[in-house]
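# Examining the three-dimensional arrangement
Spelled out, the chains give:
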Amino acid sequence: MSDIPVRQRVADLIEAVTDGAVPATEALSGGSLVALGLDSLGMLRLVDAIELEYDVVVDLHHPDQRLDTLDDLVALLATAGADDTRTVS
């Protein structure tokens, strides 16, 4: 894991998985990732990248979990401890 703050690193991952279609600066500005252009394939790629980067398992089908904004993702990682292996739901 890098020394880059989690919020910035997840924004960078969003930019990477969308091949630049959703720039990190736009993700950092807040709002819905779907509205910014993250599609379902991009979300799967993002979850995979987050799982690899932070050694967590993200449950996309958890009924009480929102994953629509960068802050939702960062909160999810904070709950998981971001560096522990555990299921994030």
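So, here is what we can say about the structure in this document. Keep in mind the model is a prediction, meaning the values are calculated, not measured. (Residues numbered from 1 in each chain as written. Predicted model: local features only at pLDDT ≥ 70, side-chain atom pairs only at ≥ 80, totals over all residues. Heavy atoms only, no water.)

## Regarding the overall build of the protein chain
- Looking only at helices and strands, the protein chain has 5 helices and 2 strands in total.
- Considering only contacts within the protein chain whose residues lie at least 6 apart along the sequence, 56% involve residues at least 24 apart.
- Taken as a whole, the protein chain presents about 4900 Å² of accessible surface, with 52% of it coming from carbon and sulfur. (Helix = DSSP H or I, 4+ residues; strand = E, 2+ residues; numbered from the N terminus. Contact = heavy atoms within 4.5 Å. Areas by Shrake-Rupley, 256 points an atom, 1.4 Å probe, with all protein chains shown as cover.)

## What about the nonpolar core?
- In terms of nonpolar packing, the biggest core is built from 24 residues, with Val10, Ile14, Leu46, Ile50 and Leu73 touching the most fellow members.
- Elements supplying a minimum of two residues to this core: helix H1 (6-17), helix H2 (24-28), helix H4 (40-54) and helix H5 (70-80).
- By residue number, the principal contributor to this core is H4, which donates 6 residues.
- The contact partners of Ile50, leaving out residues within four places of it in the chain, are Val10, Leu13, Asp55, Val56, Val58, Leu73 and Leu77. (Core = buried A, V, L, I, M, F, W, Y, C linked by side-chain atoms within 4.5 Å. Buried < 20%, exposed > 50% of the residue type's maximum accessible area, 1.4 Å probe, protein only.)

## Details of the pattern of salt bridges
- What the rule picks out here adds up to 4 salt bridges.
- Here Arg7 makes a salt bridge to Asp71, at a shortest N to O gap of 2.8 Å. In this pair, Arg7 sits in helix H1 while Asp71 sits in helix H5, placing the two residues 64 residues apart along the sequence.
- Residue class for Asp71 comes out partly exposed when judged on its relative accessible area of 41%.
- Salt-bridge contacts for Asp19 lead to Arg45; the nearest nitrogen and oxygen are separated by 3.9 Å. (Salt bridge = Lys/Arg side-chain N within 4 Å of Asp/Glu carboxyl O.)

## Some thoughts on the packing of H1 against H5
- Relative orientation of the contacting elements H1 and H5 amounts to 125°, with a least axis distance of 10 Å. On the basis of their axis angle, the class for H1 and H5 is oblique. For the element pair H1 and H5, the recorded crossing hand is right-handed. Of H5, the residues touching H1 (which contributes Val6, Arg7, Val10, Ala11 and Ile14) are Leu70, Asp71, Leu73, Val74 and Leu77.
- A per-class count over the contact of H1 with H5 returns 8 nonpolar, no polar and 2 charged. (Axes fitted to C-alpha atoms, helices over the stretch in contact; angles between N-to-C directions. Parallel < 35°, antiparallel > 145°, perpendicular 65-115°, else oblique. Left-handed = near helix turned anticlockwise from the far one by under 90°. Nonpolar A, V, L, I, M, F, W, Y, C, P; charged D, E, K, R; others polar.)

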